[in-house]
Amino acid sequence: MSRAIEAHIDLSACQANLHTVRRHAPSSRVLAVIKAGGYGHGLVRVARALAHAGANWSTGADAFGVASIDEALQLREAGITTPIVLLEGFFETEELADIAARELVTVVHHPWQLAALEATRLSRPLAVILKIDTGMHRLGFDPGEVAAAYRRLVACPAVDGIQFMTHLACADERGNEATLRQIDVFAAATADLPGARSIANSAAVLQWPASHADWVRPGIMLYGVSPFPDTVGRDEGLAPVMTLKSRLIGVRRCRRGDTVGYGASWRCPEDMPVGIVAAGYGDGYPRSAPAGTPVLVKARRVPLVGRVSMDMLCVDLRSLPHAEVGDEVILWGAGLPVEEVARHAGTIPYELLCRVNARVRFVEHAG
Ligand SMILES: *Cc1c(COP(=O)(O)O)cnc(C)c1O
């Protein structure tokens with residue numbers, strides 16, 4: 001048997017989650033965010049599933065959002081014809097020829113990008129999205145600069161078609177007025193300008209209907225994961241797409257007082273069985289997950305014990321005295337929300353999903 005760790009990807013769950021997006025924002029088009037390799041699920045795999053959305057659901061995603069032209073070109077190579085948006089725009093002027101040739105849509109968030117567009121002659125003009133900073137203070141033009149930037153884009157022969165977007169900083173915080181202020185600033189900055197508008201990430205799709213506008217941009221919810229700190233995907237009507245699985249590769253009968261793992265940081269309070277699981281930080285499981293983090297063994301919750309190592313972690317099997325080598329272990333996914341593991345590990349589920357790495361075998365379940 002090869003090393004047992006596998007990431008099972010349920011593409012029909014992904015399609016059902018897209019359907020849930022549409023139920024929440026029925027009047028908006030959906031730009032499905034699949035950057036970072038489809039949040040660690042596999043870029044092309046997720047794009048194929050969402051482009052068609054399966055027999056059960058009406059339509060696929062209206063566009064895809066990625067972070068770099070490399071991801072966009074991979075999608076085109078794979079035969080994906082859906083519009084693709086470069087969410088951070090282009091990084092070098094040299095990318096513009098490919099952006100035009102592959103019919104990609106680029107965000108324009110900085111004056112240097114405006115100047116680059118003005119200085120370029122292209123085989124065909126580009127559709128662009130002018131990004132406005134309404135309070136995140138990361139990328140985008142200040143509201144007061146929008147009208148001038150818009151006029152420059154209109155005058156630019158390399159540009160044909162201008163839309164508008166902004167990004168919310170606190171959409172996952174219920175009742176945080178900052179979100180309503182951002183929506184207002186965006187409306188004012190774009191008031192008299194023609195062009196489609198986009199504001200909402202997953203959290204805003206779920207709880208800020210005023211942000212839905214022409215396009216919503218869900219990411220994490222497509223993977224079945226809650227964007228909120230206090231719920232899990234199931235509470236939001238979402239189904240987990242990734243289940244990270246492995247097996248017990250050892251069961252040790254430890255003595256009271258024995259220590260487990262590096263640093264001898266965990267000590268057995270009594271004679272007890274300890275399970276050794278083939279999963280570690282070398283696979284993307286967080287090393288910061290402390291003793292007590294839940295793990296499923298044979299569909300039963302048991303606590304992690306000792307430090308997570310590169311290839312292994314250990315679990316307390318006192319509640320499963322008959323567990324044996326080869327038994328199935330679920331690190332997160334079906335039956336154990338990744339949100340819970342992330343909370344124990346002091347991070348967010350986004351990071352855990354993106355970190356699952358190439359050593360893990362991916363097993364796809366068709367949509
Ligand atoms: C990543 C990203 C999103 C998706 O955010 P989620 O919280 O995963 O829904 C939306 N818009 C932009 C600009 C992004 O970079």
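None of the values given here were measured: they were computed from a predicted structure.

Conventions used here
What you see as residue numbers is a count from 1 along each chain, following the sequence as written. Only residues with pLDDT of at least 70 are given local features in this predicted model, and only at 80 or more are side-chain atom pairs given and counted; all residues enter the totals for whole chains, interfaces and linings. The basis for the side-chain values is all heavy atoms of the structure; hydrogens and waters are excluded. Residue proximity to a molecule or strand is established when one non-hydrogen atom of the residue lies within 4 Å of it. Between N or O atoms, a polar contact is any pair within 3.5 Å; within protein, one atom must be a potential hydrogen donor and the other a potential acceptor, and residues adjacent in sequence are included only when both atoms are from side chains. Where each domain starts and ends follows an automatic or database-derived domain assignment. Each salt bridge in this description consists of a side-chain nitrogen of Lys or Arg and a carboxyl oxygen of Asp or Glu lying within 4 Å of one another. Working definition: helices are DSSP H or I runs of at least four residues, strands are E runs of at least two. Numbering for both runs from the N terminus. Each residue gets one of three labels from its accessible area relative to the maximum for its type: buried under 20%, exposed over 50%, partly exposed in between, using a 1.4 Å probe on protein chains only. Residues belong to a common nonpolar core when they are buried Ala, Val, Leu, Ile, Met, Phe, Trp, Tyr or Cys residues joined through side-chain atoms within 4.5 Å. Only rings of Phe, Tyr and Trp enter the pairing, Trp through its six-membered ring, and a pair is recorded when the two centres are within 6.5 Å. The plane angle decides the type: under 30 degrees is stacked, over 60 is edge-to-face, the rest tilted. Any two residues whose heavy atoms approach within 4.5 Å are treated as being in contact. Any two strands with at least two DSSP bridges between them are considered paired.

**Observations regarding the site of the ligand**
Logical step 1: With respect to spatial proximity, the complete set of residues near the ligand consists of Val33, Lys35, Tyr39, Met165, His167, Asn201, Ser202, Arg217, Pro218, Gly219, Ile220 and Tyr350.
Logical step 2: A distance of 2.6 Å is found between an oxygen atom of the ligand and a side-chain nitrogen or oxygen belonging to Lys35.

**A look at the domain arrangement of the protein chain**
Logical step 1: Assigned domains within the protein chain: domain 1 (11–226) and domain 2 (242–365).
Logical step 2: Summarising the inter-unit geometry, the C-alpha centres of domain 1 and domain 2 are found 37 Å apart.
Logical step 3: Linking domain 1 to domain 2 there are one salt bridge.
Logical step 4: Residue Glu364 pairs with Arg45 through a salt bridge whose shortest N-O separation is 2.8 Å.
Logical step 5: Seen at the junction of domain 1 and domain 2, the total is three residue pairs in polar contact (both at pLDDT 80 or more).
Logical step 6: Those elements that provide at least two residues to the side of domain 1 that touches domain 2 are α1 (11–24) and α2 (35–39).

**Some words on the pattern of salt bridges**
Between side chains of opposite charge, a pair can form as their charged atoms come close.
Logical step 1: Counted under the stated rule, the structure contains 16 salt bridges.
Logical step 2: For Glu340, the salt bridge goes to Arg301, with nearest N and O atoms at 2.8 Å. You can see Glu340 sitting in helix α10 (residues 338–345) and its partner Arg301 sitting in strand β15 (residues 300–305), a full 39 residues away along the chain.
Logical step 3: Overall, Glu340 belongs to the partly exposed group, its relative accessible area being 23%.
Logical step 4: Residue classification places Arg301 among the partly exposed residues on the basis of a relative accessible area of 43%.
Logical step 5: One salt-bridge network, held together by shared partners, links Arg3, Asp283, Asp311 and Arg359.

**Re the nonpolar core**
Logical step 1: Counting 116 residues, the largest nonpolar core has Ile34, Leu50, Leu117, Tyr285 and Trp332 as the members making the most contacts within it.
Logical step 2: The dominant element in this core, judged by the number of residues it contributes, is helix α3 (residues 43–52), at seven residues.
Logical step 3: Each of domain 1 (11–226) and domain 2 (242–365) accounts for three or more of the residues forming this core.
Logical step 4: Grouped together as the second largest cluster of nonpolar side chains are nine residues, Cys268, Val274, Ile276 and Val305 included.

**Quick word on the packing of aromatic side chains**
Logical step 1: Enumeration according to the criterion identifies five aromatic pairs in this entry.
Logical step 2: An angle of 80 degrees between the planes, with centres 5.3 Å apart, marks the rings of Phe90 and Trp112 as edge-to-face. One end of the pair, Phe90, is in the loop between β4 (84–86) and α5 (95–101); the other, Trp112, is in helix α6 (residues 111–118), with 22 residues separating them in the sequence.
Logical step 3: Residue Phe90 is classed as buried on the basis of its relative accessible area, which comes to 1%.
Logical step 4: A residue is classified by how much of its surface remains accessible, and Trp112, at 34% relative accessible area, is partly exposed.
Logical step 5: In this structure an aromatic cluster arises from ring pairing among Tyr39, Tyr223 and Tyr350.

**Things to note about the environment of Ile69**
Logical step 1: Position of Ile69 among the secondary structure elements: in helix α4 (residues 69–77).
Logical step 2: When its relative accessible area of 8% is taken as the criterion, Ile69 is described as buried.
Logical step 3: Considered as a pair, Ile69 and Gln15 are 54 residues apart in the sequence and their alpha carbons are 25 Å apart.
Logical step 4: If we ignore the near neighbours within four places in the chain, the residues touching Ile69 are Leu86, Glu95, Asp98, Ile99 and Leu104.

**Observations regarding the pairing of β15**
Logical step 1: Note that strand β14 (residues 294–297) and β15 share four bridges and pair antiparallel. Bridge pairing in β15 links Pro294 to Pro303.
Logical step 2: In sequence, β14 turns back onto β15 through a hairpin of two residues, with Lys298 there showing a positive phi of about 50 degrees.
Logical step 3: Summarising the sheet, β15 and strand β16 (residues 313–316) pair through two bridges and their orientation is antiparallel. Bridging across to β16, Leu304 finds its partner in Val315.

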